[in-house]
Amino acid sequence: MHAIIVGGGLVGSLEACFLAKRGLKVDLFEARQDIRLLEHVKGRSINLALSVRGREALGAVDLEHEVVSGGIRMNARKIHDINGKLSAQAYGTKDQYILSIDRRKLNETLLSAAESNSNVTLHFKHKFIKADLDEGKAVFLNSDGQEVEAHADLIVGCDGAYSALRRHIMRTTRFDYSQEYIPHGYMELSIPPSKDDKFQMDHNFLHIWPRGEFMMIALPNQDKSFTLTLFMPFNIFESIKTNEDLLIFFNKYFKDSIDLIGMKELCDCFFSSKALPLVSIKCWPYHVGKNALLLGDAAHAMVPFYGQGMNCGLEDCLVLDEIFEEFGNDLESILNTYSISRNPDAKAICDLAMYNYVEMRDLVNSRGFLFRKKVDNILHMIMPNSFIPLYTMVSFTRLRYHQIIKKWKFQKKIVDSALYVLLLSSFIIPTVFIASNKLKLWNLW
Ligand code: FAD
Ligand code: EGO
């Protein structure tokens, strides 16, 4: 069997490894140039949080150790309040941590791993433009502006949130699609290492500045810098027009970060970049007959408020591989089973990510943020087996995302009724007591 993969991002390059391992001949086409050949610009690394789902998928192609050893552990969140006061809260036990991974390094590792299989060929600067899926044909535009045709039994679209293969499928088959842009955009800034080449903040933490409408996070990099991501509504981004506006804004909301970023660097970086949009995308089904399949962001882009987009995309590859194992070479059943089985989970994590966005936006200050996490921890301490915090289930287990929503709703019901009983009894007992005193009920005895 011969497969074409469209897109050599995180998911496409991992899927190439999986299919190669199953003995398929794989041709991967990536629109951009080979990132391994580009020079590394210092202080420009973008990082991602890797958790259990992504790790297990990497483990299935023997890459977990290599990737994890190049990442930085984040055992806890560190909350920065508006006065610069810090509070830390562990994610769980000492082996429950998320990892900060350099996106580019991970992509390079995956591309090299894919290429090390003799049955994989990588084609860079080949942009997918059209297809004839019944014929198993895909057409790419190379860097000379020429059209290149390729044929295969299976075409896998891993070309991201703005997938060109998905656009083609939308026009040619019965296909459901919905997308939603949120009012927030994001911008990446950076905290460089200190002059004596040290991390400027504790590095084994996910740093969070929760400010309701404005949110900022920082993840550590191996070069001892941090990458900051600022999330704000676009209209706020647009209202900041001058260095003065920017410094007033940062002084008010993120004062402790100004010195870490550097005042000049903050202004330079802010005004030389522009805020990028955040989109949530759902579609159905993920396959076309026995010929085509969408994986990763192409199938389910989500807002980044759970740190699960990549993890879910990598898990897609693992789930598909498990189905391959079960069905052998019957592509039609494999693809159909995959769509049916994966859809409820992809939909669930898109919803959970959106839910987190709304929750975090509504938590006006860091007290609220900390309090909510404390309540979760206490409930987990009282009922370690039956109450598991949502974040723990999503990040540290491979429970299916749609099961997590079910379990969460159930847990919430239990907690709500327990609170109800507590409230009611704290009202009824004193009332009965007072009433019985007043009426001298004991005289009846
Ligand atoms: P992409 O990474 O988008 O790769 C698609 C590839 O296809 C690219 O290489 C592109 O060049 C190529 N391509 C596109 N069009 C064509 C074409 N026509 N022909 C050929 N090739 C094409 N996820 C996490 O798990 N943890 C996090 O902490 C996290 N943080 C995030 C923070 C932000 C601000 C954002 C926006 C996302 C974050 N994510 C995170 C999500 C994560 O980035 C994505 O889910 C992940 O990159 C999806 O991988 P992908 O391979 O499906 O798509
Ligand atoms: C009450 C309090 C309800 C991504 C807190 C919900 C997300 C949400 C974007 C963090 C961690 C990896 C992330 C926590 C909550 C990445 C993450 C969390 C952000 C923003 C992120 C946590 C990249 C939500 N994980 N998380 O519990 O620490 O809690 F803050 Cl803006």
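Anything mentioned here points back to the structure above.
An account of the accompanying structure is given in this report. Values in this document were obtained by computation on a predicted structure and should not be read as measured data. (Residues numbered from 1 in each chain as written. Chains lettered and ligands numbered in written order. Predicted model: local features only at pLDDT ≥ 70, side-chain atom pairs only at ≥ 80, totals over all residues. Heavy atoms only, no water.)

Turning next to the packing of aromatic side chains. Applying the stated criterion to the full structure yields 21 aromatic pairs. Here the aromatic rings of Tyr306 and Tyr391 are separated by 5.9 Å at their centres, their planes lie at 10°, and the arrangement is stacked. With Tyr306 in the loop between α10 (297-300) and α11 (309-327) and Tyr391 in helix α14 (residues 390-396), this pair connects stretches of sequence that are 85 residues apart. The exposure class of Tyr306 is buried, given its relative accessible area of 5%. Ring centres 6.0 Å apart and planes at 55° place the aromatic pair Phe387 and Trp408 in the tilted group. Residue Phe387 is found in the loop between α13 (366-382) and α14, and its partner Trp408 is found in helix α15 (residues 401-438); the two are separated by 21 residues along the sequence. Each member of the aromatic cluster is reached from another via a ring pair, and the members are Phe214, Phe249, Phe250, Tyr253 and Phe254. A cation over a ring is seen here: Arg53 above Tyr401, with NZ or CZ 4.0 Å from the ring centre. Lying across the ring of Phe205, Lys78 places its NZ or CZ 4.1 Å from the centre. (Phe/Tyr/Trp six-rings, centres within 6.5 Å; stacked < 30°, edge-to-face > 60°. Helix = DSSP H or I, 4+ residues; strand = E, 2+ residues; numbered from the N terminus. Buried < 20%, exposed > 50% of the residue type's maximum accessible area, 1.4 Å probe, protein only. Lys NZ or Arg CZ within 6 Å of the ring centre and 35° of its normal.)

Moving on: the site of ligand 1. As a matter of local geometry, ligand 1 sits amid 28 residues, with Glu30, Arg32, Ala49, Arg103 and Asp297 nearest to it. Asp297 is positioned with one of its side-chain polar atoms (N or O) 2.7 Å from an oxygen atom of ligand 1. Within the backbone of Met310, a nitrogen or oxygen atom sits 2.9 Å from an oxygen atom of ligand 1. Out of a free accessible area of 1,000 Å², ligand 1 has 83% covered by protein chains. (Near = heavy atom within 4 Å. Polar contact = N/O pair within 3.5 Å; in protein donor to acceptor, adjacent residues only side chain to side chain. Areas by Shrake-Rupley, 256 points an atom, 1.4 Å probe, with all protein chains shown as cover.)

A word on the packing of helix α1 (residues 10-21) against α11. Interaxial distance between α1 and α11 falls to 9 Å at its minimum, and their mutual angle equals 20°. Here α1 lies roughly parallel to α11, going by the angle between them. Here the hand of the crossing between α1 and α11 comes out right-handed. Contacts between α1 and α11 involve Leu10, Val11, Leu14, Glu15, Phe18 and Leu19 from the former and Met310, Gly313, Leu314, Cys317, Leu318, Leu320, Asp321 and Phe324 from the latter. Its residues assigned to classes, the contact of α1 with α11 shows eleven nonpolar, one polar and two charged. (Axes fitted to C-alpha atoms, helices over the stretch in contact; angles between N-to-C directions. Parallel < 35°, antiparallel > 145°, perpendicular 65-115°, else oblique. Left-handed = near helix turned anticlockwise from the far one by under 90°. Contact = heavy atoms within 4.5 Å. Nonpolar A, V, L, I, M, F, W, Y, C, P; charged D, E, K, R; others polar.)

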